[in-house]
Amino acid sequence: MQLAVNVLVLAAIYALISCGYVLIYRVSRVLSLAHGELMMLGAYGLYMTASLFSGEPVIAVLVSVALAFTIGLAVYAALMRHMTGEAVLTAVLATIALGIFVRGFVVLVWTAQEQHPARLLGIENTSFPVPGDARISLVGILLLAVTAAVYLGLYVFLRYTAWGIRMRATGQNPLLAAQRGIRLHGVYALAWGLATLTGGLAGMLISIDTALEQTLVLIGLKAFPAALVGGLDSLAGALLGSLIIATAEVLLIYYVNPLLADAVPFLVLTAMLMVRPWGLLGTREELDRV
Amino acid sequence: MKRLFAAAMLAGAFAGTALGEDAYVIGVTAGMTGPASGNFVPVIEPLRAYVEHLNTRGGIHGKPVRLIVLDDSAEPSKAAANVKRLINQDKVILLINSSLSSTYAPSVAEAKRAKVPLYYVGAVCPKETFPPADPLQFCSTAFGVTYDSQAAIGFIKSHAQGPVKLGLAAMAIPVARMGIDFAEKVASAQGFKVVDKEITPPPTPDYTPFATRLKDADPNWVFSWSPWVSQVRTFEALRRLGWGGRYLTWAHLNAEEELARIKDDGFYVIGSNAFFQDDLPIHAEIRAVAHRGNVNYPTTYLTEGFIGGLVLEQILKNTPWPPSPAKVLAAMNRVQVDLKGLRGGPLAWTKDNHFRTTQYYRVWHWDEKQGRIVRVEDWIPIQVK
Amino acid sequence: MSRHRSAALGDRLRTSYQAELALLDRRSRRVAFAALAAALAAFPFLASAFQLDLANQVLLASIGAVAFMLLTGYAGQVSLGHAGLLAAGAFTTGILYKELDAPIWATLPASALVGAALGLVFGLPSLRLRGLYLAVSTLALHFIVIYAGMEYEARRSYSTGVVIDPPAIGGWTLASPLAWYFVLLGFAAAAVLVALNLLRSRTGRAWRAIRGREAVAEALGIHVPAAKLLAFLVSSVMTAVAGCLFAYYRGFVSSEAFTLYVTIQYAAMIIIGGMGSILGAVLGTIFVTLFPYFIEYLVATLPVPQSWVDSIYAVNYAAFGLVMILFLVLEPQGLVGLWRRAKQYFLLWPFKQRPLRASQ
């Protein structure tokens, strides 16, 4: 039972991170390799607001979430806007450059020291018993709840709201969408904003669970195979991929060798790329055989 | 390709410093960026502050000390380039390495070629510094993994009631794996039952899957020797899974701060640097130096770097002007530094022992009844042979 | 450029060194080349030890950058496995040296062979995948190579990396920076030469066609899978050889030296230099290799906040990211683009634009 809880929590982490990859890719066909860094930036945003509004955790979290969204918009406006229509490698490289910049920026502003936003917010990460002789931590519950809420919210948003439908249309055919009067830049900016928001949420929760430090970036990269296994342009796929990778990881750690944990996501990914390169639920486009 | 030449001239423009300088020039390569920087920046910052303070007091033999700090991001190739530059261009008389052990091989290779002594501050002491020591390598870092494991197992033996079922945990980096393997041997020799040895890869978003396996092996003591993240996350995950045993781990730079954060009776740390709660006169001095040098880290992190400063000052005092690498080396081989209570005894190097002759350990934990950190074991000496 | 290309298309489709000399089809070029050769030959005797090390770093990196440019800049196959290939070459060298005490004339071809084998493996996904997915599949292979190297280190307990002695050829040991300079210069020149010759031949044209559009390339009668695999093969062999040289030059091999950041740096070299240009690869290499030292110098001389000086490394990171961004946004053609524009400006002065684009 504990293993099941572990799988769910880890899957929630991966899913919350990877939906950012999916959102951006689905709408603008750009792979953001700065996602880990933006996630870290979001978490530092929480650290900042937590020290500004100490004792007011709700306000601090809300402000930092809004901040993460704004950062996403700003990234698009300042950088990615110019990458529209560029080659794949150029756009990917732009996000990498952004990531490098953010890493240096974070150290310049907050130093490399480990921080504990949980303490500033006054959150005690206790744990609760779960039927079947297992336990789940408070942040674990939060993670599950937030991930569920985010995916549900995105589903409703993409399916029923005007902006959501515009986003899907843009993802399907940007040229046609533009000709139908959809403002592409607005839609793309929104995608970046939402992706940074969800990534920032993941960063905040992880930093509350453990601590806020530079390795957050690497965790962001670890979630990437989950998005790819599920299919880079499918939110349901990201959920499924996260579940598969988390299951493989937790079971291998427990029954085989903990050292495998690092390589597992990429092994699963390689296997996937050989069989179904577009992912489990991804769209099979542009991948025609020559 | 013509630009190569232009660029080389550009490089020439910013290379022309530091020849025939009227100062003791010390070169540092340190992991100031990257995921491991949290371990090394709080060592280098107080070291730098110490040297600044030293210079305002008039330097050594009336000459200033110049500390050139270069970042290697804990990457071997950058460290190699740094060391090359420090030796060839800046003509340093002593090299300091404060970075991950992967940077050692290139640093040592360059240092050997130029016969410049290499001093590890706040970084893992390589086995070449233990007796019989390599002539060029020295180390003042608090931990020496095999001795630490020995002391830790000894502590568990003297404090355990009843038979010990020991769990071991380490991060998948060479030095931690070596230490934990050694601990396993010592523990088995002591008659402990080693129920599980958990090696976790760095970094990982959630330690619960690893902790689950450890908890299911049902140990009543767990010993972990690793970077702090891995040690404390494993412990927190174990507690959240409802594990009730006792956990002993290494006191890294941030231990004093972290004990007060975690506030758990069963969380013990073993270390060789005194805590600031002792409030010795030297602690006030560290505070003052850090304040003057604008060090960003909490004062409790700074002991290690400050010890580096004390040792450096003593070495240079024993080095007559004008200095040379050979003179520094001679001074290092017979140095004895009074650490003023920061450790259990003075730091002494001899010709074939470049670690220290005696290593002293203390053990602390958080006492819930008293609501403060309490010392449970005072300066256990272990001879280094 | 166009003029020389049309001239080269005449009767000079040879791949010997003679043919390369014929690349210098005008006297001004011959003079420039002679000046460059003289400058390169004189440089190590004028430079300080530090500058010589920098030059060696540039030369070493330029081999890898040229290889990467062939694959990505010309054949259009995006790869993120570059650091993995370098690591493969370096580890082949390190392992052979440690286990069999192999000399350099054995390790260098062995590294090239491993590079060739891995190149084919890295290249196989390219038959099915394009763009992003291809990049990701090469990324997976990167992790596998690094994992294997790490396991070797852990098993043989080389916790600080595998240390390699300077290579000896006959009775002569290659150790001094000066000797290294000429050896590396030779390898870098060879890499550039091989690349230029390949690009002037049928192979190079096939690669460019594939980059343009695969379907059209196929319609032109190009065997696309073979050409793609060849691109991976050539690039990987060159990269693995660079890895082998890297191992000897640095004197050690360690899995930590080949992070993803290394790949990113090589990608930055070809982007900043200018895609689809060998000159660009070389310029980009110089720029990226020297950039951190330049920033350090700027921070040391300009009046900047003290906190910047204290965390020069972070400034370096931020500045590198920023410069890359600026290049991508403002000058997608890279340094070569700047160079061409400057050339045009002087050629056409006082006009701003070419009257007719006839020669292209």
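Conventions and cut-offs
- Residues numbered from 1 in each chain as written.
- Chains lettered and ligands numbered in written order.
- Predicted model: local features only at pLDDT ≥ 70, side-chain atom pairs only at ≥ 80, totals over all residues.
- Helix = DSSP H or I, 4+ residues; strand = E, 2+ residues; numbered from the N terminus.
- Buried ≥ 20, exposed ≤ 12 C-beta atoms within 10 Å, placed from the backbone.
- Contact = placed C-beta atoms within 7 Å.
- Rg over C-alpha atoms; globule rule 2.2 N^0.38 Å.
- Nonpolar A, V, L, I, M, F, W, Y, C, P; charged D, E, K, R; others polar.
- Arc of directions from axis to C-beta.
- Axes fitted to C-alpha atoms, helices over the stretch in contact; angles between N-to-C directions.
- Parallel < 35°, antiparallel > 145°, perpendicular 65-115°, else oblique.
- Left-handed = near helix turned anticlockwise from the far one by under 90°.
- Expected span 1.5 Å × (residues − 1).
- Pairing = 2+ DSSP bridges.
- Right-handed = clockwise from strand over helix to strand, strands pointing away.
- Core = buried A, V, L, I, M, F, W, Y, C linked by C-beta atoms within 7 Å.
- pLDDT = per-residue confidence, 0-100.

> Go over the overall build of chain C, please, and point to the residues and values.
Looking only at helices and strands, chain C features 16 helices and four strands. Across the 360 residues in chain C, those meeting the buried criterion constitute 49%. The long-range fraction of contacts in chain C, counting pairs at least 24 apart against all pairs at least 6 apart in sequence, stands at 76%.

> I'd like to hear about the overall build of chain B, residue by residue, with values.
Looking only at helices and strands, one finds twelve helices and 14 strands in chain B. Over its C-alpha atoms chain B spans a radius of gyration of 22 Å, differing by no more than 12% from the 21 Å that the globule rule assigns to 385 residues. Across its three principal axes, chain B shows a C-alpha extent of roughly 65 × 55 × 40 Å. The buried share of chain B, taken over its 385 residues, is 59%.

> Go over the interface of chain C and chain B with me, naming the residues and quoting the values.
The parts lose accessible area when they come together, and the size of an interface is often stated as this lost area. Taken together, the contact pairs 34 residues of chain C with 34 residues of chain B. A per-class count over the side of chain C that touches chain B returns 23 nonpolar, eight polar and three charged.

> Account for the interface of chain B and chain A, naming residues and giving values.
With 26 residues of chain B at the contact, the number on the chain A side is 32 residues. Put simply, the parts of the chain that give the side of chain B that touches chain A at least two residues each are α2 (37-56), β7 (193-200), α7 (208-216) and α8 (228-240) of chain B. Here the element with the most residues in the side of chain B that touches chain A is α7 of chain B; it accounts for five residues. By residue class, the composition of the side of chain B that touches chain A is eleven nonpolar, nine polar and six charged.

> Which residues make up helix α12 (residues 325-332) of chain B, and what values go with them?
Residue and element names in this part refer to chain B. Every buried residue belonging to α12 is among Pro-325, Val-328, Ala-331 and Met-332, and all of these are buried. Mapping the buried residues of α12 onto a view down its axis gives an arc of 120°, with all of them on the same face. On its buried side, α12 packs onto β3 (94-98), β5 (137-139) and α11 (303-317).

> Which residues make up the packing of helix α12 (residues 235-255) of chain A against helix α13 (residues 264-275) of chain A, and what values go with them?
The angle between the axes and the distance between the axes are what describe a pair of packed helices. All names here are of chain A. Here α12 crosses α13 at 130°, and the two axes come no closer than 9 Å. Judged by the angle between their axes, α12 and α13 are oblique. The element α12 and its partner α13 pack so that their crossing is right-handed. The residues of α13 that touch α12, namely those facing Ile-244, Ile-245, Ala-248, Glu-249 and Leu-252, are Val-264, Pro-265 and Val-268. A breakdown of the residues in the contact of α12 with α13 according to their chemical character gives seven nonpolar, no polar and one charged.

> Can you explain the environment of Val-102 of chain A? Please cite residues and give values.
Residues and elements named next belong to chain A. Topologically, Val-102 is positioned in helix α4 (residues 88-110). Look at Val-102 and you get buried, because 24 C-beta atoms sit within 10 Å. For the pair Val-102 and Glu-37, spaced 65 residues apart in sequence, the C-alpha to C-alpha distance is 6.3 Å. Discounting residues that sit within four places of it in the chain, Val-102 has contacts with Ala-34, Glu-37, Leu-38 and Leu-41.

> So what's going on with helix α2 (residues 35-52) of chain A? Which residues, and what values?
Taking 1.5 Å of rise per residue, the 18 residues of α2 of chain A would be expected to cover 26 Å, and the 25 Å separating its terminal C-alpha atoms lies within 8% of that figure. With respect to burial, α2 of chain A is a largely interior element, 15 of its 18 residues being buried.

> Could you give an account of the sheet that holds strand β6 (residues 165-171) of chain B, with specific residues and numbers?
All names here are of chain B. One open sheet accounts for seven strands, arranged β7-β6-β8-β9-β10-β13-β14; its pairing is mixed. Taken across any chain shown, the strands that pair with only one partner, and hence form the sheet edges, are β7 and β14 (372-383). Pairs of neighbouring strands in the sheet enclose a mean axial angle of 20°, with direction left out of account. The pairing of strand β8 (residues 221-224) with strand β9 (residues 246-250) spans four bridges and is classified as parallel. By the bridge assignment, Ser-224 is partnered in β9 with Thr-249. Sheet contacts for α7: β6, β7 and β8; angle to β7, the most-contacted strand, approximately 170°. Along the sheet, helix α9 (residues 255-262) contacts β10 (267-271), β13 (358-367) and β14; its crossing angle with β10, the most-contacted strand, is approximately 175°.

> Describe in detail the sheet that holds strand β1 (residues 24-30) of chain B, supporting the description with residues and values.
Strand pairing in a sheet relies on backbone hydrogen bonds, with the paired strands running either antiparallel or parallel. Residue and element names in this part refer to chain B. With respect to topology, five strands assemble into an open sheet ordered β2-β1-β3-β4-β5, the strand pairing being parallel. Of all strands in the sheet, those bounded by a partner on one side alone are β2 (65-71) and β5. Along the sheet, successive strands turn relative to each other by an average axial angle of 25°, direction set aside. Bridge count for strand β4 (residues 118-120) against β5 is three bridges, and the pairing is parallel. Bridging from a neighbouring strand, Tyr-119 pairs with Phe-138 of β5. The sheet strands contacting α2 are β1, β2 and β3, and the helix crosses β2 at an angle near 160°.

> I'd love a proper account of the pairing of β14 of chain B, names of residues and values included.
As a general feature of sheets, a regular strand has side chains that alternate between the two faces. All names here are of chain B. When β13 meets β14, the two strands line up antiparallel, connected through nine bridges. Across the sheet, residue His-365 finds its bridge partner in β14, namely Val-374. Counting the residues between successive antiparallel strands, the hairpin from β13 to β14 contains four residues, one of them, Gly-371, with a positive phi of roughly 70°.

> I'd love a proper account of the pairing of β8 of chain B, names of residues and values included.
Residues and elements named next belong to chain B. Every second residue of β8 is oriented toward a common face, with Trp-221 and Phe-223 on one face and Val-222 and Ser-224 on the other, all of them buried. Sheet topology note: the β6/β8 ladder contains four bridges and is parallel. By the bridge assignment for β8, Leu-168 is matched with Phe-223. Between the parallel pair β8 and β9, the chain is carried across by α8, and the sense of this crossover is right-handed.

> So, unusual backbone geometry: which residues are in play, and what are the values?
The phi torsion of most residues other than glycine is negative, and most of the peptide bonds are trans. Looking along the chain, the bond that leaves Pro-131 of chain B and enters Pro-132 of chain B is cis, with omega of -5°. Its location among the elements puts Pro-132 of chain B in the loop between β4 and β5. Here the bond from Trp-321 of chain B into Pro-322 of chain B is cis, since omega is -5°, no more than 30 degrees from zero. With respect to the helices and strands, Pro-322 of chain B occurs in the loop between α11 and α12. Its identity as a non-glycine residue notwithstanding, Trp-379 of chain B has a phi of 30°, on the positive side. Note that Trp-379 of chain B resides in strand β14. Trp-379 of chain B gets classed as partly exposed once you count the C-beta atoms within 10 Å, which come to 14. Unlike most non-glycine residues, Asp-101 of chain C shows phi in positive territory, near 60°. Here Asp-101 of chain C is to be found in the loop between α5 (82-100) and α6 (104-123). Accessibility expressed as a C-beta count within 10 Å gives 9 for Asp-101 of chain C, which makes it exposed.

> Help me get a handle on the nonpolar core, residues and values and all.
Counting residues in each nonpolar core, the largest one holds 352 residues, and the members touching the most others are Ala-191 of chain A, Ile-270 of chain B together with Val-66 of chain C. Val-66 of chain C has contacts with Ala-191, Val-192, Ala-195, Met-238, Ile-278 and Ala-281 of chain C, leaving out every residue within four places of it along the chain.

> Can you tell me about the packing of helix α12 (residues 260-273) of chain C against helix α15 (residues 312-330) of chain C, naming the residues and giving the values?
All names here are of chain C. Axis separation between α12 and α15 bottoms out at 10 Å; the angle between their running directions is 40°. On the basis of the axis angle, α12 is oblique to α15. Every pair of crossing elements has a handedness; the one defined by α12 and α15 is left-handed. Here Ala-268, Ile-271 and Ile-272 of α12 come into contact with α15, specifically with Met-324, Phe-327 and Leu-328. Along the lines of polarity and charge, the residues of the contact of α12 with α15 split into six nonpolar, no polar and no charged.

> Just give me the short version of the confidence of the model for chain C, but keep the residues and values in it.
Residue and element names in this part refer to chain C. When pLDDT is averaged along chain C, the result is 83, and 88% of the positions lie at 70 or above. pLDDT under 50 marks residues 6-12. Its contacts with residues more than four places away, or in other chains, come to five contacts. Per the prediction output, this complex has pTM 0.82; the corresponding ipTM is 0.81.

> Any details on the environment of Gly-132 of chain A? Residues and values, ideally.
Topologically, Gly-132 of chain A is positioned in the loop between β1 (127-130) and β2 (134-137). Taking the C-alpha atoms as reference points, Gly-132 of chain A and Gln-2 of chain A, 130 residues apart in sequence, are found 7.8 Å from one another.

> Break down the confidence of the model for chain B for me, citing the residues and quoting the values.
Chain-level statistics for chain B give a pLDDT mean of 87 and a share of 94% at 70 or above. Throughout residues 1-20 of chain B the model reports pLDDT below 50, and contacts reaching past four residues in sequence, or to other chains, amount to 29 contacts.

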